[in-house]
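# Structural features, examined
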Amino acid sequence: MAAMGPLGDSYALRCVSDLPPPFRPVFGFRYFNSLQSECFPVCFLSDVNMVVSAPTGSGKTVLFELCILRLLSRFLTTDWWFNLLKGTLKTIYIAPMKALVQEKMRDWKVKLGSLGINCLEMTGDSEFFNKKAIHDSDLILTTPEVYVTTCFASYYDLNKPLLLQTISLFLLTNICMQKFDSMSRHGVRDGGLGFFSDIALVLIDEVHLLNDPRGAALEAVVSRIKMLSRLGNMKSAPLANVRFIAVSATISNAEDIAEWLLAPPEGIKRFGEEMRPVKLTTKVLGYAPAKNDFLFERRLQSFIFDILMQHSRGKSALVFCSTRKGAQEAAQCLSQTAGSLGYSNPFMKSMQQYEHLREASLTCSDKQLQSCIVYGVGFHNGGLCLKDRSLVEGLFLKGDLQILCTTNTLAHGINLPAHTVVIKSTQFFNKEKGSY
Ligand SMILES: Nc1ncnc2c1ncn2[C@@H]1O[C@H](COP(=O)(O)OP(=O)(O)OP(=O)(O)O)[C@@H](O)[C@H]1O
């Protein structure tokens, strides 16, 4: 099979059967797409650091998977047996959002679990992770902040009063940069943070968020790993040759990131809009101002239903709002309008869909969410409990929930494919600055 490369050159698509037999079942398709085929030699046949910029949905996760498999190919025997030595070559996956980490965890637990690869989630929502769990894991999925604090927390004296530990944890998130520095040096020497030496691959998702306030924690983690990898006593450890892969949909300065991650020119891959699996059409709609920003924001609510009728036409839609309350109110407003139309509710296609939603609503902890869901509209924000958030994501993915109003909790890389995306307002209230 042939495809056109980003520079117009034609090349053959790589086939999953190009991989060693034990790795083939990881992929549920036969051919890598053109982006993956172009990156295949660098990801799977080399160990260089990489920075990849490609549109959303173009299949960047597979690049991570190829790099993981490249690392684990060290456990392949000459007659293609896969003899994994648990926890001895670790991959760290770092994403800016807890929800994104959890999504990858669900995916990789199934895909890589069949190879015996042990995945461990380190987020605020996961149960307490102890040293043994970290030691035995092959793939650790985390956010940069949690990664920093967890390394710290492993030093806690478990006999200390809980309150004292809680206060310490609070303090350490504020002083993590300085403390992580001294702690990680100390830890590696006395074996307390021995798992650091087993890190052989670091996968950084949504790397453009380096520019975000949370970027500092990511920068600290990467710099620390780089620094530790150069320590004399790491010479024979996997960490000495640690590999970094950073991907993002929007990096304008891939070269700067490549320099930081020591990625050579062949490790820098940029792909444009031509790699988008579905063409994106953008429409900007302007509305007359209201007396103040607050009233304008509220008034926008009343336009969303008509916009959805015009553009989404019975297909799934995400409505992005600037605040948690905004997302909740938009969902309530839409569900009331839809509910008032009775059997003509445009968000309800069948009796079966209604039954699924009614059953799901009974398991919902949030009463407001419960009342919206039955009309085919949901909301998703950081204020919902994990169970409700997962419920809403599942219903939207299955197509039962047609409309999902959300804050940017869903904007950072979570895969909830939608036909239409409405961005309700282009400004948000910045608490620190006290202005929009
Ligand atoms: N070679 C392939 N053949 C068929 N489907 C594929 C292939 N590669 C990826 N996919 C599917 O395409 C979808 C998008 O892939 P993926 O999530 O990796 O994109 P992405 O570039 O990481 O997007 P984002 O920027 O949103 O994270 C997924 O459902 C994935 O299973």
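Residues numbered from 1 in each chain as written. Predicted model: local features only at pLDDT ≥ 70, side-chain atom pairs only at ≥ 80, totals over all residues. Heavy atoms only, no water.

Per an unreviewed UniProt entry, the chain goes by DNA 3'-5' helicase and derives from Triticum urartu. According to UniProt, the comment filed for the chain under the heading Sequence similarities (unreviewed entry) is "Belongs to the helicase family. SKI2 subfamily." (UniProt positions renumbered as here; feature names shortened; annotations may be inferred.)

### Considering unusual backbone geometry
Even without glycine at this site, Leu 262 takes up a positive phi of about 55 degrees. Along the chain, Leu 262 turns up in the loop between α8 (254–260) and β9 (268–270). For Leu 262, a relative accessible area of 57% translates into the label exposed. (Helix = DSSP H or I, 4+ residues; strand = E, 2+ residues; numbered from the N terminus. Buried < 20%, exposed > 50% of the residue type's maximum accessible area, 1.4 Å probe, protein only.)

### Notes on the site of the ligand
Around the ligand, 14 residues are found, and the nearest of them are Tyr 31, Gln 36, Gly 57, Lys 60 and Thr 61. In the environment of the ligand, an oxygen atom lies 2.8 Å from a nitrogen or oxygen atom belonging to the side chain of Thr 61. With the chains in place, 69% of the 640 Å² that the ligand exposes on its own is no longer accessible. Top element by residues in the shell around the ligand is helix α2 (residues 60–72). It accounts for 3 residues. Split by residue class, the shell around the ligand holds 5 nonpolar, 8 polar and 1 charged. (Near = heavy atom within 4 Å. Polar contact = N/O pair within 3.5 Å; in protein donor to acceptor, adjacent residues only side chain to side chain. Areas by Shrake-Rupley, 256 points an atom, 1.4 Å probe, with all protein chains shown as cover. Nonpolar A, V, L, I, M, F, W, Y, C, P; charged D, E, K, R; others polar.)

### Some words on the nonpolar core
Of all hydrophobic cores here, the largest spans 49 residues; its most connected members are Leu 19, Phe 27, Leu 66, Tyr 93, Trp 108 and Leu 139. At the level of secondary structure, the elements contributing two or more residues to this core comprise α1 (34–45), β3 (50–53), α2, α3 (98–111), β6 (139–142), β7 (199–204) and β8 (243–248). Of all the elements, α2 adds the most residues to this core, at 9 residues. Among all residues touching Leu 139, those that are not within four sequence positions of it are Ile 68, Thr 91, Tyr 93, Trp 108, Leu 112, Ile 117, Asn 118, Cys 119 and Leu 120. Counting 35 residues, the second-largest nonpolar core is a separate cluster that includes Leu 308, Phe 347, Met 348 and Leu 401. (Core = buried A, V, L, I, M, F, W, Y, C linked by side-chain atoms within 4.5 Å. Contact = heavy atoms within 4.5 Å.)

### Some thoughts on the sheet that holds strand β4 (residues 90–94)
Spatially, 7 strands are ordered β5-β6-β4-β7-β8-β3-β9 in an open sheet, and the strand pairing comes out parallel. Among the strands making up the open sheet, the edge pair consists of β5 (119–122) and β9. On average, adjacent strands in this sheet sit at an angle of 15 degrees to one another, irrespective of strand direction. On top of the sheet, α3 reaches β4, β5, β6 and β7; it is set at about 170 degrees to β5, its chief contact. (Pairing = 2+ DSSP bridges. Axes fitted to C-alpha atoms, helices over the stretch in contact; angles between N-to-C directions.)

### Brief notes about α2
A rise of 1.5 Å per residue sets the reference length of α2, with its 13 residues, at 18 Å; its end C-alpha atoms lie 19 Å apart and thus fit the reference within 8%. In terms of burial, α2 is largely enclosed, as 11 of its 13 residues are buried. (Expected span 1.5 Å × (residues − 1).)

### Observations concerning the pattern of salt bridges
Following the criterion strictly, the structure yields 13 salt bridges and no others. Residue Arg 270 is joined to Glu 255 by a salt bridge in which the shortest nitrogen-to-oxygen separation is 2.7 Å. Taken together, the residues span a long stretch of sequence, with Arg 270 in strand β9 and Glu 255 in helix α8 at a distance of 15 residues. As a salt-bridge pair, Glu 355 and Arg 358 come within 3.3 Å of each other at their nearest N and O atoms. Taken together, the residues Glu 355 and Arg 358, both in helix α11 (residues 351–362) and 3 residues apart, mark about one turn of the helix. Judged by its relative accessible area of 29%, Glu 355 falls in the partly exposed class. Three or more residues are tied together by salt bridges with common partners; here these are Glu 65, Asp 107 and Lys 111. (Salt bridge = Lys/Arg side-chain N within 4 Å of Asp/Glu carboxyl O.)

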